[in-house]
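Spelled out, the chains give:
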Amino acid sequence: MALKVALLGCGVVGSEVVRLINDQSTELAARVGTSLEIGGIAVRRLGRARDTGVDPALFTTDAMTLATRPDIDLVVEVIGGIEPARSLILAAIKSGKSVVTANKALLAEDGAAIHAAARDAGVDVYYEASVAGAIPLLRPLRDSLAGDRVHRVLGIVNGTTNYILDRMDSLGAGFAESLEEAQSLGYAEADPTADVEGFDAAAKAAILARLAFHTQVTAADVHREGITEVTAADIASAKAMGCVVKLLAICQRSADGSSVGVRVHPVMLPREHPLATVTEAYNAVFVEAESAGRLMFYGAGAGGAPTASAVLGDVVAVARNRLAGTHVAEGAHDTGLPVHPMGETVTRYHVALDVDDRPGVLARVADVFAGHGVSIKNVRQEGSGEDAQLVLVSHRAPDAALARTVADLRDLDMVRAVASVMRVEAFGHG
C-alpha cells in the first residue's frame, strides 16, 4: 500500500520535490519499502502555470484540509515563513502525520513547541533542508555525534553573503557592486535584508546550536551582525594580516561547559583555515567534537534541486519510520544550558582609527585599551597628515571590554573617526 504525501507549497523547491518523487518513483519505493504517492499539493493560486507533470486535480488552495486529511501519511512543508506554516504543521502533527520541513525561520523561533507536539503525537519532524541545503549536516549532528561531546560548530551558512564577500576579496569590488552582481545571478533576492543583515544565518545558527548542545536556542538568543558595513578597506586589512573576511555562524560551548555562545557576524579568518577556502555561493560547516575531532561539511547550500534533495532524503527516512511504526523523539533530553551574553564571549578585535598625525596619539590610544584590561597584540600606522590611520589588533578579551574600549576611543579628541571594527578569529590556527 502506497504512502501518501501532502505537499504544502509548490515553488522552486516544491516543484523539484514533485519532480524527484515522480522521476525516481521506482528507486524510492525500493529504498522505503513501499511506493510514495502525492496525495495533494497546496498552493496559493490555482491558475498559475506549473510544469510539474502531475494531475491538476491534485492542486488545492485549502492547505489545512489537505494537511489533516485522514488518508495522508506525511506532510512536506516548503511554504516558508512563520504563518500559516506553523498552524499547518501543528495541525498535521495533531492529526498523526509526520512532517518534513525546510522552514528555518519557524524552527528557529518555535522549534521547541513543534518537537514537543511531535513527541506527544508519536510522529517525526525532520528538517535537514533547513540548514545548508543539500549538505548532510543536521542528521550527523543529531545521530552520528549523539555519543560525542561537541565543543564548537562554525560555518558559512549563507551563500549570498559568501558570494558577496568572495567577490570583494578576489576582485577588490565594493559591497554595493558585489550585491548587485549577486542579485543579477539570482544569488540574492530583490530585498536582500534577510541575507546581508544576518537574519538567515542567525536562524540557522540557532538550529545548529540546539542540535549540537542539546539545549533550547532561538533566533532571538543569537547575537547578529550583517555584512553591510564591510568595506574594501576591511578586506585589504584582512589581506595584510593573511586573513579573509567571512560571515560566520559560531556556536561554542564555554570553557567550563556551563553555557553556550551563539553568534553571527563578519570575522577576519586566517587563510589557512579550511573555511577560508570556501568561495562563491557555497556553504561549509566545521564541527569540533571531543572524540571525533574536526569534521567539515561542504556543498551547495541553496537552490531548488539541492534543497529538494535534502527534503527527499528526509521523506525517505520518515516513510521508513512510518512503515516500522517508530519515530525519533527529538529534544526529549534537554541539557538546559543557558546562552551566555555576547559580552562574555572572548574574542579579538581589529580596530582602524583615523587619527591626528602628532606625537602622543599611540600612547593615549594604548592607555584606553589598558584601562579596560585589553592588551594590544600588534599595531601599525598607515598614511600621514590628514590620512593618518592607526590599525590595532587586540589580544583575546571579553567582548564587552572590547566594546567599551571602542566606545572610549570614539571620545578621544585626537581620534577623528573609528573607521572599522571587526572581530578576528583564529580557531586554533594561530
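Here is what the cut-offs are and how they apply
Residues numbered from 1 in each chain as written. Predicted model: local features only at pLDDT ≥ 70, side-chain atom pairs only at ≥ 80, totals over all residues. Heavy atoms only, no water. UniProt positions renumbered as here; feature names shortened; annotations may be inferred. Axes fitted to C-alpha atoms, helices over the stretch in contact; angles between N-to-C directions. Helix = DSSP H or I, 4+ residues; strand = E, 2+ residues; numbered from the N terminus. Parallel < 35°, antiparallel > 145°, perpendicular 65-115°, else oblique. Left-handed = near helix turned anticlockwise from the far one by under 90°. Contact = heavy atoms within 4.5 Å. Nonpolar A, V, L, I, M, F, W, Y, C, P; charged D, E, K, R; others polar. Buried < 20%, exposed > 50% of the residue type's maximum accessible area, 1.4 Å probe, protein only. Pairing = 2+ DSSP bridges. Patch = residues over 30% accessible without salt bridge, like charges linked within 9 Å, V, L, I, M, F, W, Y side chains within 5 Å. Areas by Shrake-Rupley, 256 points an atom, 1.4 Å probe, with all protein chains shown as cover. Salt bridge = Lys/Arg side-chain N within 4 Å of Asp/Glu carboxyl O. Arc of directions from axis to C-beta.

Under an unreviewed UniProt entry, the name given to the chain is Homoserine dehydrogenase, and the source organism is Marinactinospora rubrisoli. As its UniProt record puts it under Cofactor (unreviewed entry), the chain is described as follows: "a metal cation". UniProt, in the comment section headed Function (unreviewed entry), describes the chain in these words: "Catalyzes the conversion of L-aspartate-beta-semialdehyde (L-Asa) to L-homoserine (L-Hse), the third step in the biosynthesis of threonine and methionine from aspartate."

Engineer: When you look at the packing of helix H2 (residues 25-32) against helix H12 (residues 304-324) in this model, what are you seeing that I'm missing?
Structural biologist: Helix-helix packing is characterised by the crossing angle of the two axes and by the distance between the axes. Packing of H2 against H12 leaves a shortest axis separation of 9 Å and a crossing angle of 45°. The orientation of H2 relative to H12 falls into the category oblique. Of the two possible hands of crossing, H2 and H12 adopt the one that is right-handed. The residues of H12 that touch H2, namely those facing Leu-28, Arg-31 and Val-32, are Leu-312, Val-316, Ala-319, Arg-320 and Leu-323. Per-class residue counts for the contact of H2 with H12 are six nonpolar, no polar and two charged.

Engineer: Help me out: how do you make sense of the pairing of strand S11 (residues 282-289) in this one?
Structural biologist: Sheet faces and side chains relate simply in a regular strand, where the side chains alternate between the two faces. For S11, the buried fraction is high: seven of the eight residues fall into the buried class. Note that strand S7 (residues 150-156) and S11 share six bridges and pair antiparallel. If you follow Ile-156 over to S11, its bridge partner there is Ala-284. The sheet contact formed by S11 and strand S12 (residues 293-300) spans eight bridges and is antiparallel. Directly across from Ala-284, in S12, lies its bridge partner Tyr-298. Hairpin connection from S11 to S12: three residues lie between these consecutive antiparallel strands.

Engineer: Please clarify how a nonpolar patch on the surface should be interpreted in this entry.
Structural biologist: Taken together, the side chains of Tyr-282, Met-296 and Tyr-298 make up a nonpolar region of the molecular surface, amounting to roughly 300 Å² of accessible area. Along the chain, Met-296 turns up in strand S12.

Engineer: How should I be thinking about helix H8 (residues 175-184) in this particular structure?
Structural biologist: A turn of α-helix holds 3.6 residues, and therefore any two residues three or four places apart point the same way. Residues of H8 that are buried include every one of Phe-175, Ser-178, Leu-179 and Ala-182, and no others. Taken down its axis, H8 places every buried residue within 100° of arc, on the same side. Exposed residues lying more than 90 degrees from the buried face of H8 are Ala-176, Glu-177, Glu-180 and Ser-184. With its phi angle positive at about 85°, Gly-186 sits one or two positions after the end of H8.

Engineer: I would appreciate a short explanation of the packing of helix H1 (residues 12-23) against H2 in the present structure.
Structural biologist: Between H1 and H2, whose axes approach to 5 Å, the crossing angle comes to 80°. Judged by the inter-axis angle, H1 sits roughly perpendicular to H2. Contacts from Leu-20, Ile-21, Asn-22 and Asp-23 in H1 reach Ser-25, Glu-27 and Leu-28 in H2. Each residue belonging to the contact of H1 with H2 can be placed in one class, and the counts come to three nonpolar, two polar and two charged.

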